[in-house]
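As a plain string of letters, each chain reads:
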Amino acid sequence: MPLSILKDPSAVVTRLRTPSLAWVESCTGETATFFPAIDIPQARFKGKGVGWVAEPAEIFTGCYDEDEEIPEECVCIASYGLDQQMMEMSTGEIAVYNPGGWDSASGMASSGDFPSDGHAGAAVSLLAAVVRELELLDRLDPGARETALTAALDEVDAFVEAFPDDVDGPHFWSTVTRDLRRHYLRR
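Residues numbered from 1 in each chain as written. Predicted model: local features only at pLDDT ≥ 70, side-chain atom pairs only at ≥ 80, totals over all residues. Heavy atoms only, no water.

Novice: It is not clear to me how the side chain of Thr-28 should be interpreted in this structure. Could you clarify?
Specialist: As for its placement among the helices and strands, Thr-28 is situated in helix H2 (residues 21-28). At 3.1 Å, the side chain of Thr-28 and the backbone nitrogen of Glu-30 are in polar contact. For Thr-28, the contacting residues outside a window of four places in its chain are Pro-36, Ile-38, Ser-125, Ala-128 and Arg-132. (Helix = DSSP H or I, 4+ residues; strand = E, 2+ residues; numbered from the N terminus. Polar contact = N/O pair within 3.5 Å; in protein donor to acceptor, adjacent residues only side chain to side chain. Contact = heavy atoms within 4.5 Å.)

Right, dumping it as structure tokens:
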């Protein structure tokens, strides 16, 4: 049973490239925001809206090339597992940070997972729509549940693997898809 949100992969990729409020709202139910402050516990994702403010020069030093300018201010807008989505205030770019490397700045996982908060919000919205469909499969009788969920999660993995480089958000997707698999198949 294929997931309906992934029925037309090229349309989803188009929406990820050029996110719209209408699409974000249809996926999440939240209005008037490109970055939804929603929780998706199945993927260990917690939307924070605007969270703690970071000093990027302190936490991201060594993660930028010498000719790149380290942003002046970042705000944590979401977390998934130990990783935190940090938005550069001047550009809206989303980077991934793991505070486990605070003392050496080794906690930076990606210096640009998404080009803007709109693109990151579209990814979160797609995740919410996928989880909504997975939840329906999770309610099937035990004999059909695991087979249906395995096929659906394999479909999500294949879809994510095929993302073009400009929309993939590799660290985000690898983390949340791993957590989805753990949530639904390892009970």
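From this point, the narrative continues.
Novice: Quick question: what am I supposed to make of the packing of aromatic side chains here?
Specialist: Each aromatic ring pair is described using two quantities: the centre-to-centre distance and the angle formed by the ring planes. Summed over all chains, the structure comprises seven aromatic pairs. Look at Phe-45 and Phe-172: their rings are 6.1 Å apart centre to centre, the planes differ by 85°, and that puts the pair in the edge-to-face class. With Phe-45 in strand E2 (residues 45-47) and Phe-172 in helix H6 (residues 170-185), this pair connects stretches of sequence that are 127 residues apart. The pair Phe-45 / Phe-172 is uniform in exposure class, with both members buried. Taken together, the aromatic side chains of Phe-45, Tyr-80, Phe-114, Phe-159, Phe-163, Phe-172 and Trp-173 make up a single cluster linked through ring pairs. (Phe/Tyr/Trp six-rings, centres within 6.5 Å; stacked < 30°, edge-to-face > 60°. Buried < 20%, exposed > 50% of the residue type's maximum accessible area, 1.4 Å probe, protein only.)

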